[in-house]
Amino acid sequence: MEIVHVYTRLRGEFGRQCLFSDRPAELLVDVPPDPRLAQDFIQKNPRDQALQACRDMSEHQVNTERFESDSCGINHVEGGWPKDINPQEMEQTIRYRKKVEKDESYVNSLLTLGSVMEHCIRQNNAVDIYQEYFEDEDEVEESPEPPSAKTINVFRDPNEVKRTVSCLSWHPDGGKLAAAYSCLQFQRSSRDMSLDSYIWDIENPNRPELTLKPASPLVCLEYNPKDSHTLVGGAYNGQIAYWDTRRGSQPVETSSVEQSHRDPVYKIIWLQSKTGTDVFSASTDGQVLWWDVRRLSEPTERLVLDLSREGNLDRALGAVSLEFESTMPTKFLVGTEQGVVVSCNRKAKTPAEKIVCSYDGHHGPVYALQRNPFFPKNFLTVGDWTARIWSEDIRDSAIMWTKYQTSYLMDACWSPVRPSVFFTVKMDGVLDVWDILFKQNDPTLSLKVCDEALYSLRLQDNGRLVACGSQQGGATLLEISSGLSTLQKNDKSLLAAMFERETKREKVLEARQREIRLKERSRSEQSREGEPGREDADHGPDQLIAKAQEDFYVVTEMERRRRDANQQPPTELEDVDVT
Amino acid sequence: MAEVEETLKRIQSQNGVQGIIIVNTEGIPIKTTLDNASTVQYAGLIHQLVMKARSTVRDIDPQNDLTFLRVRSKKNEIMIAPDKDYFLIVIQNPSD
């Protein structure tokens, strides 16, 4: 059936009918050539004109509107028999078939189809047309394509009032993403802000797969790496809640308010234990609490992050991030609001010994903290405007750091497959991918994911999928190009060498500093013994400035005199003939 | 009529051919050398596939049309020759 488009319009709607008539030709304008105009131009002979005979092409990108689709299966049982034939009746079907076989068009079409088919069959028999040549050859080294990442999906907060995605956690098998939504800005949360957090199936960005309904918005959320049905979340009011996805949206258990944290729980991690039910949580109230999820009424252990080791809550540092590596089950790292990273030992005998040492690195809160999965002695911290890599042995400073970026870094994590690659997200909505074996000054890949600030970041275990959460509640899923997500042959050894080199450098610098300090101290002691009245080691800033000024004048005077002296000889030698 | 039989016999006698099914545009298997259950399954599934493939080819270029469709799998190859009213489906085990 031909599709025909028909336009109809009433004759009367066309307006007054036009009556055409013939008229003899009339000269309206006659412009004779004016040779005087040629004087304004210069004749150019021969002319060189490039031409290309090819089609004009233009590239245009179009984005269609969001299309919501739903998958469902269809069960096909038996073909579309005409209404009068009962497919169960053998006789009727046979009769129908015989009728079709007598049809003229059937015969004709089948003859043509038969010959085409025979050709292909013979082709198959003659040669295996899909044979793989050069099968045994070593995989050709892929031409280094520039690293890239492409957005696969964006999961938007379905509520009206948008909240920040404060934490993301991948399902251990990777098909689902849990996102915790809360409003982290102080006193900015409105009354009608929803408290829910969602679990998304990455194939379906239209609707979250499961809604989690806590009593207070969740700031952090983690899947249990051992049991993919359970999740634990830390809430804005300091409580910890435990969910089982088989049991629905309400938490199975929530910790009691008196025993929980007094401030939002910023990070919660599952521990490796025999029962698989231990978690520990950190919050800005200065405590790190250990819990057994079967009994959330009170924590099993408590640690106060007081650097003076007295357990004084008033002087405790607020914890913002936490790090635990299952290969070192007794040690853990805590990143604080004050910019200090504290390393603690869980199995210490006295509470005072629990805090082992501290690394003072950042000017602002340490928002992210993670050990390198391949080199657990080195860890990455992110805070203020830099990302720093530390070695456990060097306390004074980081072994490697990025230059100060233009906006605040909010989260970072190492790639689980490539030891030298890590990802950071910033407040201007940019995701940076750093490969320290490739380039150390700048990120290898910098992508603007969205216009608002990005608050959280999480990589899936296969290293290819990255989820980042923004301030307006949108979680973007990106896929990284294979160059950045496949392990190269020398990665580990090269990175080990790099870390060793940097650690050694820092050690040398530290040793040197110590030497200088010792020398100064001994010198100041000596001079104090010799001349008690003299303040040699204690130069006030004013004196230093005066001294610097003096030196400056002396040097400029010398330079000027030297230049004058240089000017004299050339004038004397002018009349000397140099041959 | 006899030519049709001859053609089908010739095809059947080729190396590796496991079965032949002739389906009309409504998905009704007209002639088959396989058992009923497999025939019905092949007829239904392949019919949908051919419709999809044909519409794909025509969407890309309306002047174009599907002439042949080969689905190669690990165990065998399904070859489909579509026509205006009928399809000829042959399942072959390619020899190599």
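Rules used throughout
Residues numbered from 1 in each chain as written. Chains lettered and ligands numbered in written order. Predicted model: local features only at pLDDT ≥ 70, side-chain atom pairs only at ≥ 80, totals over all residues. Heavy atoms only, no water. Helix = DSSP H or I, 4+ residues; strand = E, 2+ residues; numbered from the N terminus. Buried < 20%, exposed > 50% of the residue type's maximum accessible area, 1.4 Å probe, protein only. Contact = heavy atoms within 4.5 Å. Areas by Shrake-Rupley, 256 points an atom, 1.4 Å probe, with all protein chains shown as cover. Core = buried A, V, L, I, M, F, W, Y, C linked by side-chain atoms within 4.5 Å. Pairing = 2+ DSSP bridges. Buried area = accessible area lost by both parts, 1.4 Å probe. Salt bridge = Lys/Arg side-chain N within 4 Å of Asp/Glu carboxyl O. Nonpolar A, V, L, I, M, F, W, Y, C, P; charged D, E, K, R; others polar. Axes fitted to C-alpha atoms, helices over the stretch in contact; angles between N-to-C directions. Parallel < 35°, antiparallel > 145°, perpendicular 65-115°, else oblique. Left-handed = near helix turned anticlockwise from the far one by under 90°. Phe/Tyr/Trp six-rings, centres within 6.5 Å; stacked < 30°, edge-to-face > 60°. pLDDT = per-residue confidence, 0-100.

Peer 1: How do you make sense of the overall build of chain B when you look at a structure like this?
Peer 2: Scanning chain B from terminus to terminus reveals 2 helices and 5 strands. Ordered by position from the N terminus, the helices and strands of chain B form the series α-β-β-α-β-β-β. The buried share among the 96 residues of chain B stands at 45%. Look at the contacts in chain B between residues 6 or more apart in sequence, and 35% of them connect residues 24 or more apart. In the structure as shown, chain B presents an accessible area of about 5200 Å², 50% of it carried by carbon and sulfur atoms.

Peer 1: Looking at this model, I keep getting lost on the overall build of chain A. Mind explaining?
Peer 2: Secondary structure assignment for chain A yields 6 helices and 28 strands. Classification of the 579 residues of chain A by burial places 41% in the buried group. For chain A, the proportion of contacts with a sequence separation of at least 24, taken over those separated by at least 6, is 49%. Element-wise, carbon and sulfur atoms account for 50% of the exposed surface of chain A, whose accessible area totals about 37400 Å².

Peer 1: Would you mind going over the nonpolar core with me for this structure?
Peer 2: Burial of nonpolar side chains together is a common tendency in soluble globular proteins. If you look at the biggest cluster of nonpolar residues, it comprises 25 residues, and the most contacted ones within it are A:Ile199, A:Leu221, A:Leu231, A:Val232, A:Ile240 and A:Val279. When residues of this core are traced back to their parent elements, those giving at least two are strand 3 (176-182), strand 5 (210-212), strand 6 (218-223), strand 7 (230-235), strand 8 (240-244), strand 10 (265-270) and strand 12 (287-292) of chain A. Residues in contact with A:Ile199, not counting those within four places in the same chain, are A:Lys176, A:Leu177, A:Ala178, A:Pro208, A:Glu209, A:Leu210, A:Leu212, A:Tyr223, A:Leu231 and A:Thr245. Counting 24 residues, the second largest nonpolar core, distinct from the first, contains A:Trp81, A:Leu113, B:Ile11 and B:Ile30.

Peer 1: Looking at this structure, I do not really get the sheet that holds strand 8 of chain A. What am I missing?
Peer 2: As a general point, the strands of a sheet are linked pairwise by backbone hydrogen bonds and lie either parallel or antiparallel. Residue and element names in this part refer to chain A. The sheet built from 4 strands is open, its strands ordered 6-7-8-9 with antiparallel pairing. Every other strand in the sheet has two partners, leaving strand 6 and strand 9 (253-254) as the edge strands with one partner each. With 2 bridges joining them, strand 8 and strand 9 adopt antiparallel strand pairing. Across the sheet, Ala241 pairs through a bridge with Thr254, a residue of strand 9.

Peer 1: Explain the interface of chain A and chain B here, please?
Peer 2: Interface size is often expressed as the accessible area that is lost when the parts come together. Contact residues are listed per partner, giving 32 residues for chain A and 37 residues for chain B. Considering only the side of chain A, the residues that lose the most area to chain B are A:Leu113, A:Met117 and A:Asn124, jointly responsible for 19% of the buried surface there. Two residues, B:Arg10 and A:Glu118, come together in a salt bridge whose shortest N-O distance is 2.9 Å. For the side of chain A that touches chain B, the elements supplying multiple residues, two or more each, are helix 1 (90-102) and helix 2 (104-126) of chain A. Residue contributions to the side of chain A that touches chain B peak at 17 residues, all from helix 2 of chain A. When grouped by side-chain class, the residues that make up the side of chain A that touches chain B number 16 nonpolar, 9 polar and 7 charged.

Peer 1: Looking at this structure, I do not really get the pairing of strand 3 of chain A. What am I missing?
Peer 2: Regular strands show a simple pattern: their side chains alternate between the two faces of the sheet. Residues and elements named next belong to chain A. Counting buried residues along strand 3, 6 of its 7 residues qualify, which places the element largely inside the surrounding structure. Pairing analysis gives 6 bridges linking strand 2 (residues 164-170) to strand 3, with the strands arranged antiparallel. Counted as the bridge partner of Trp170 is Leu177 from strand 3. The turn joining strand 2 and strand 3, which pair antiparallel and follow one another in sequence, is formed by 5 residues; a positive phi near 95° is taken by Gly174.

Peer 1: What is the right way to look at the packing of helix 2 of chain A against helix 1 (residues 2-13) of chain B in this model?
Peer 2: Helix packing geometry: the angle between the two helix axes and the distance between the axes. Contact pair helix 2 of chain A / helix 1 of chain B: the axes reach a minimum separation of 10 Å and the direction vectors enclose 20°. Viewed along their axes, helix 2 of chain A and helix 1 of chain B adopt a mutual orientation that is roughly parallel. Pair helix 2 of chain A / helix 1 of chain B crosses with left-handed handedness. Here A:Tyr106, A:Val107, A:Leu110, A:Leu111, A:Gly114, A:Met117, A:Glu118 and A:Ile121 of helix 2 of chain A come into contact with helix 1 of chain B, specifically with B:Glu3, B:Val4, B:Thr7, B:Arg10 and B:Ile11. Class assignment of the residues belonging to the contact of helix 2 of chain A with helix 1 of chain B gives a composition of 8 nonpolar, 2 polar and 3 charged.

Peer 1: I'm lost on the sheet that holds strand 11 (residues 278-283) of chain A in this one. Help?
Peer 2: Residue and element names in this part refer to chain A. One open sheet accounts for 4 strands, arranged 10-11-12-13; its pairing is antiparallel. If you trace the sheet from one side to the other, it starts and ends with strand 10 and strand 13 (301-304), each paired once. Pairs of neighbouring strands in the sheet enclose a mean axial angle of 15°, with direction left out of account. In terms of strand pairing, strand 12 meets strand 13 through 4 bridges, oriented antiparallel. Residue pairing across strands places Trp290 opposite Glu301, the latter belonging to strand 13.

Peer 1: Just to check I follow, could you spell out the pattern of salt bridges for this structure?
Peer 2: As a working rule, side chains carrying opposite charge can pair if their charged atoms are close by. Residues and elements named next belong to chain A. This structure, assessed with the given rule, holds 35 salt bridges over all chains. Glu13 is the partner of Arg9 in a salt bridge, and the nearest nitrogen-oxygen pair spans 3.5 Å. A residue is classified by how much of its surface remains accessible, and Arg9, at 53% relative accessible area, is exposed. Between Glu118 and Arg122 there is a salt bridge, and its shortest N-O distance comes to 3.0 Å. Here the residue Glu118 and the residue Arg122 both occupy positions in helix 2, the gap between them amounting to 4 residues, near one helical turn.

Peer 1: Sorry, what's going on with unusual backbone geometry here?
Peer 2: Working note: non-glycine residues mostly have negative phi, and peptide bonds are mostly trans. Residue and element names in this part refer to chain A. Between Asn45 and the following residue, Pro46, the backbone shows a cis peptide bond with an omega angle of 5°. Examined against the element boundaries, Pro46 turns out to sit in the segment before helix 1. Notably, Asp384 is not glycine yet its phi reads approximately 40°, a positive angle. On the secondary structure map, Asp384 appears in the loop between strand 19 (378-383) and strand 20 (386-391).

Peer 1: Sorry, what's going on with the pairing of strand 18 (residues 366-371) of chain A here?
Peer 2: All names here are of chain A. In this sheet, strand 19 lies alongside strand 18 in antiparallel orientation, the contact comprising 5 bridges. Bridging across to strand 19, Arg371 finds its partner in Phe379. The turn joining strand 18 and strand 19, which pair antiparallel and follow one another in sequence, is formed by 6 residues.

Peer 1: Hey, could you run me through the packing of aromatic side chains in this one?
Peer 2: Any aromatic ring pair is given by two values, namely how distant the centres are and how the planes are angled relative to each other. Residues and elements named next belong to chain A. Inspection of every chain in the model, using the stated rule, returns 17 aromatic pairs over all chains. Taking the centre distance of 6.1 Å and the plane angle of 75° together, the rings of Tyr367 and Tyr408 count as edge-to-face. With Tyr367 in strand 18 and Tyr408 in the loop between strand 21 (400-401) and strand 22 (409-414), this residue pair connects regions lying 41 residues apart in the sequence. Of the aromatic side chains, those joined through ring pairs into one cluster are Phe155, Tyr181, Tyr198 and Trp200.

Peer 1: I keep staring at the confidence of the model for chain B and nothing clicks. Help me out?
Peer 2: As a general rule, the predicted coordinates of low-pLDDT regions are not to be interpreted in detail. For chain B, per-residue confidence averages 87 on the pLDDT scale, and residues scoring 70 or more make up 97% of the total. Scored by ipTM, the complex comes to 0.78, with pTM at 0.59.

Peer 1: Before we go on, may I ask you to explain the side chain of A:Arg371 in this structure?
Peer 2: Counting through the fold element by element, A:Arg371 comes out in strand 18. What A:Arg371 contacts, discounting residues up to four positions off in sequence, is A:Glu323, A:Glu325, A:Met328, A:Leu333, A:Pro376, A:Asn378, A:Phe379, A:Glu392 and A:Trp414.

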